[in-house]
Amino acid sequence: MPTLQGSLPPELANNVVRLYRECLRRATFIGKQQHNTELVVGMVRQQFKKHMNETDPEKIQKLKDDAARGLINHMLFESEKLTGRKVSQRS
């Protein structure tokens, strides 16, 4: 099963701490726009803490893919907002 992390820079995709930090940055950005920064950042922290003791490599990969998917979706959304046109997605 291919992973979504290939869409992210390798230094981010292969390092959970960097992935976590980037998720927090995006959550802060979204939170400031929606005036609910604490809530959004708290949700990201909660999800990472919930799974911090996971040891199964397949589950870890799925969790990393989920985080990567969230980052990619947000980047696409912001790109569409800036350009005013829909970005095509590959399946």
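Refer to the structure presented above.
Residues take numbers from 1 onward in each chain, read along the sequence in its written order. With the structure being a predicted model, the display of local features is reserved for residues of pLDDT at least 70 and the display and counting of side-chain atom pairs for 80 or more, all residues being used for whole-chain, interface and lining totals. Only hydrogens and water are removed before side-chain values are computed, so all heavy atoms of the structure are retained for them.

Draft legend 1. Examining the nonpolar core more closely. To form a nonpolar core, buried Ala, Val, Leu, Ile, Met, Phe, Trp, Tyr and Cys residues must be joined to one another through side-chain atoms within 4.5 Å. Burial status follows relative accessibility: with a 1.4 Å probe on protein chains alone, a residue under 20% of its type maximum counts as buried, one over 50% as exposed, and anything between as partly exposed. Ranked by size, the top nonpolar core spans nine residues in total: Leu19, Cys23, Leu24, Ala27, Val40, Val41, Val44, Ala67 and Leu71. Helix and strand assignments come from DSSP, with helices taken as H or I runs of at least 4 residues and strands as E runs of at least 2, each series counted from the N terminus. Of all elements in the fold, only helix 2 (16-34), helix 3 (37-50) and helix 4 (57-83) reach the threshold of two or more residues within this core. Examining the composition of this core, we find that four residues originate from one element, helix 2, more than from any other. Every residue pair with non-hydrogen atoms within 4.5 Å of one another is taken to be in contact. In this structure alanine 67 touches Leu19, Cys23 and Phe48, once residues within four positions along its chain are discounted.

Draft legend 2. Region of interest: helix 4. Multiplying 1.5 Å by the residue count of a helix minus one yields the expected span of that helix. Spanning 27 residues, helix 4 covers 38 Å between terminal C-alpha atoms, matching the ideal 39 Å at 1.5 Å per step. Every buried residue of helix 4 is accounted for by Lys64, Asp65, Ala67, Ala68, Leu71, Ile72, His74, Leu76 and Glu78. Downstream of helix 4 by a residue or two, glycine 84 has a phi angle that is positive, lying close to 80 degrees.

Draft legend 3. Examining the layout of surface pockets more closely. For the largest pocket, the calculated volume is near 610 Å³. Residue lining of the largest pocket: 25 residues in total, with Cys23, Gln47, Phe48, Leu63 and Ala67 positioned closest to the centre. At the level of elements, helix 2, helix 3 and helix 4 are the ones that each hand at least two residues to the lining of the largest pocket. The rule is simple: put a 1 Å grid over the protein atoms alone, call a set of points where a 1.4 Å probe fits but cannot get out a cavity, call an open set with protein on both sides within 12 Å along at least five of seven lines a pocket, and count a residue as lining if it has an atom within 4 Å of a point. Grid points are joined across faces, edges and corners, and a volume is the space filled by probe spheres set on the points.

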